[in-house]
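# Secondary and tertiary structure notes
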Amino acid sequence: MVVLMLNFKLQFVNVFMKILFVDPQGKHVPIEGKPGVALNLGLATLSSVLIKKGHTVSLFDMANHFENNLSSLRAILKEHKPDIVGFSVINSQYTNAMSTIKDIRTYTDALILAGGAEATAMKEKIIEESGDAIDILMLGEAEETLVEVINCLENNDVKNISNVKGVIINTCAKILSSVKHPNLLEIENGTSKYIVTGEAGKVKDINSLPDPNMDIFGVSKMSEYKIMASRGCPFKCNFCFMYLGRGHRRRDPDRIVAQLIHEKHKYDYDKFRFFDPIFNLKMSWVHDVCDAIQNSELNGTAWEAVGLRADQLDDDLARHMAEAGCRRVDIGVETLDQEVFDLIDKGETLEELITGIQIALQHFEVVSLYIIIGLPKDTMKKCLYTYNE
């Protein structure tokens, strides 16, 4: 069952547990009367998983709606009393997420959970910096671990949460004060104790996950549909925090196309965009995806891929992608200075990088390049060299 955010009102139906997700405002402040389009795929997937289990899920979207502020969030918490409030936290949202979490702790007795890339990177420090307002931290991919945590709560088996791998438990939280575990971490000031249950969660078979539920955003039309067809990256670039894990997992091409067709009928989007960390790691899989697109009603629909490795792009693959409708690709360059490039451990050479970019320019209408300023040994002169090249 889905409860949509319409006119910024929420309605809960008492089915199993009531979960309210909050997507905090990032660095970009939403414009009044003009909702943003940065729809959170992670929360959409988690919502789909929980709805399938029979829970009631709602979203309070502060990232895209100017009208969604602390005052209205407090009112929703007071009126509808969710069992769980879950925050998605990435780097650009961190400051606003912390202030929002601290604020609502005084307005709700609900269990407060947090997850996302920044939460996974900072681990117990984020609980400490929330003033112990966060009860449980979800590390890595939470589709399976969140279900396990909720199962424990439903069964009044709070103590068993410590057996769920990939979470950090704040035992200062009243509801969790009875939880014990050998892996108890006491931070320096000695006042807060956290249970770390193991490594970050990772879904082995991403084909087992339901499609993201975009209905939680209350939209009826999209100009662009975002999709993630694979997860993880095996490379070890030292500027990157790969919270989705080092193993590369790919969805079945037919499942990908079936999702895209279903959402095309539903939201009438103009184009779709792959947001994979590294879309073309396995070139044969990309060929299969292109074949599946061409052999479907999607043939002729424009699409983009934002996470390409230049050393994994040859002329045959670029041509096939373009024939299947790919109009734009984004490639990570970082730097063209040899000394700086050698230090970041990208696992490719500058020659391979430049060759891949040249191939992309021959086949795609738009080629965007990512450049990082301030890498080790970087200087203004080196940055300008990369920019000008």
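Scroll up a little and you will see the structure.
Here we summarise the structure given alongside this text. Worth saying up front: this structure is predicted, and the values here are computed from it rather than measured. (Residues numbered from 1 in each chain as written. Predicted model: local features only at pLDDT ≥ 70, side-chain atom pairs only at ≥ 80, totals over all residues. Heavy atoms only, no water.)

## So, the pairing of strand β13 (residues 302-308)
- Where burial is concerned, most of β13 is hidden: 6 out of the 7 residues are buried.
- Running through helix α8 (residues 283-294), the crossover from strand β12 (residues 271-274) to the neighbouring parallel element β13 is right-handed.
- Pairing analysis gives 4 bridges linking β13 to strand β14 (residues 326-334), with the strands arranged parallel. Counterpart to Glu-304 in the pairing with β14 is Arg-328. (Buried < 20%, exposed > 50% of the residue type's maximum accessible area, 1.4 Å probe, protein only. Helix = DSSP H or I, 4+ residues; strand = E, 2+ residues; numbered from the N terminus. Right-handed = clockwise from strand over helix to strand, strands pointing away. Pairing = 2+ DSSP bridges.)

## Some thoughts on the packing of aromatic side chains
- Under the defined criterion, the tally for this structure stands at 8 aromatic pairs.
- Measuring from centroid to centroid gives 5.5 Å for Tyr-225 and Tyr-269, while their planes differ by 20 degrees, and the two rings are stacked. In this pair, Tyr-225 is assigned in strand β9 (residues 224-227) and Tyr-269 in the loop between α7 (253-267) and β12, connecting sequence segments 44 residues apart.
- You can call Tyr-225 buried: its relative accessible area is 0%.
- Centre to centre, the rings of Tyr-269 and Phe-272 are 6.2 Å apart; their planes meet at 80 degrees, and the pair counts as edge-to-face. Like Tyr-269, the residue Phe-272 is buried in the burial classification.
- Feature note: the residues Tyr-225, Tyr-269, Phe-272, Phe-274, Phe-279, Trp-285 and Trp-303 constitute an aromatic cluster, connected by ring pairs.
- Above the ring of Phe-275, the side-chain terminus of Lys-226 is found at 5.2 Å from the ring centroid.
- Directly above the aromatic system of Tyr-269 lies the positively charged group of Lys-264, at a separation of 5.0 Å from the ring centroid. (Phe/Tyr/Trp six-rings, centres within 6.5 Å; stacked < 30°, edge-to-face > 60°. Lys NZ or Arg CZ within 6 Å of the ring centre and 35° of its normal.)

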